[in-house]
Amino acid sequence: MSSQVLLIRPGTTLYDEQNRVQGVLDIPLSDQGEVDVDLLAGRLVARERQSPLSALYCGPGESVVRTAEVVGKALGLRPKRIDEFRNLDQGLWQGLQVEEIRRRNARLFRQWIDDPRTIRPPQGETIEEAMDRIRAAFRPLIRRHHGEAFGLIAGEPIGRLIAGYLKRLPRLQLDEFLPCCGYEQIDVQAELLNGNGNGNGHRNGSP
């Protein structure tokens, strides 16, 4: 039997709207983000009738936790925070607009988009360091929820790393546009715990 992870993106922040790198900076939802999260909660309530969640987890960070509170209240679930699902630390890039990083570090930024595993943002962490904590956090969750569906709210780009891990994707792509407040359901085989098996997922619920 496989488990299912409903991977949920949080609502927008001012940094999202300004196309700035947020990373581990603690930025609240914007006014539009609050509206979008309310709409997201309504969509998830409708989905819950067909496939109920057994639990809801989230990473740290104000926008993620606030999204989890609203969604959890709508679904009747108390979200549990797991610090290992914190966003990718992008060091000195955090707070800068993406275009500004592109201008200042054109070659490094292009490599970050094309092959992010080979890059450490200045004073940040590598993809592999983030993947190590993702793997460690998921092992007990998949055992605990064997054959069940559970929700996880995580920001970007850590959400993309989580999806890649669960789906066993051979390559990470960081320049693909993913809307805030979307969600995707990913079927995860138990063999993932041993580093084998495949996860298959499909996107749904985009605004």
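Below: a short report on this structure. The structure presented is a predicted model; accordingly, all values stated were derived computationally and were not measured.

This next bit is on the overall build of the protein. Helix and strand content of the protein: seven helices and six strands. Relative to its 207 residues, the protein shows a buried fraction of 50%. For the protein, the computed accessible surface area is about 10,100 Å², with 47% contributed by carbon and sulfur atoms.

Before going further, it helps to spend a moment on the packing of aromatic side chains. This model, assessed by the stated rule, comprises five aromatic pairs. Ring geometry for F138 against Y165: centres 5.9 Å apart, planes inclined by 40 degrees, an arrangement best described as tilted. Linking F138 in helix 6 (residues 127-144) with Y165 in helix 7 (residues 158-167), this pair joins segments that are 27 residues apart in sequence. Among the aromatic residues, those joined into a cluster by ring pairs are F85, F138 and Y165.

Attention shifts here to the pairing of strand 4 (residues 149-153). Buried residues dominate strand 4, accounting for five of its five residues. Side chains of strand 4 alternate between two faces, with A149, G151 and I153 and F150 and L152 buried alike. Note that strand 1 (residues 3-8) and strand 4 share five bridges and pair parallel. Looking across to strand 4, one finds that I8 is bridged to I153.

What follows is about the packing of helix 6 against helix 7. The geometry of a pair of packed helices is captured by two quantities: the angle between their axes and the separation between those axes. For the pair helix 6 and helix 7, the least separation of the axes is 10 Å and the interaxial angle reads 65 degrees. Of the two possible hands of crossing, helix 6 and helix 7 adopt the one that is right-handed. Residues I127, A130, M131, R133, I134, R135 and F138 of helix 6 touch helix 7, and the partners they reach there are I158, L161, I162, Y165 and L166. Tallied by class, the residues present in the contact of helix 6 with helix 7 amount to 10 nonpolar, no polar and two charged.

Further remarks concern the pattern of salt bridges. Using the criterion set out here, one finds 15 salt bridges in the structure. In this structure, R9 engages E156 in a salt bridge whose closest nitrogen and oxygen atoms are separated by 2.6 Å. Of the two residues, R9 sits in the loop between strand 1 and helix 1 (14-17) while E156 sits in the loop between strand 4 and helix 7, which places them 147 residues apart along the sequence. Of the residues examined, E156 reaches a relative accessible area of 24% and is grouped as partly exposed. By sharing partners, the salt bridges in this structure join R9, E156, R160, K167 and E184 into a single network.

Take unusual backbone geometry next. The peptide bond linking E156 to P157 adopts the cis configuration, its omega dihedral lying at 15 degrees. Along the chain, P157 turns up in the loop between strand 4 and helix 7. The phi dihedral of R168 falls on the positive side, at around 60 degrees, and the residue is not glycine. Looking at R168, the relative accessible area reads 30%, which means it is partly exposed. Not every positive phi belongs to a glycine, and C181 is a case in point at roughly 65 degrees. By the secondary structure assignment, C181 is in the loop between helix 7 and strand 5 (183-188).

Each value, and the rule that gives it
Residues numbered from 1 in each chain as written. Predicted model: local features only at pLDDT ≥ 70, side-chain atom pairs only at ≥ 80, totals over all residues. Heavy atoms only, no water. Helix = DSSP H or I, 4+ residues; strand = E, 2+ residues; numbered from the N terminus. Buried < 20%, exposed > 50% of the residue type's maximum accessible area, 1.4 Å probe, protein only. Areas by Shrake-Rupley, 256 points an atom, 1.4 Å probe, with all protein chains shown as cover. Phe/Tyr/Trp six-rings, centres within 6.5 Å; stacked < 30°, edge-to-face > 60°. Pairing = 2+ DSSP bridges. Axes fitted to C-alpha atoms, helices over the stretch in contact; angles between N-to-C directions. Left-handed = near helix turned anticlockwise from the far one by under 90°. Contact = heavy atoms within 4.5 Å. Nonpolar A, V, L, I, M, F, W, Y, C, P; charged D, E, K, R; others polar. Salt bridge = Lys/Arg side-chain N within 4 Å of Asp/Glu carboxyl O.

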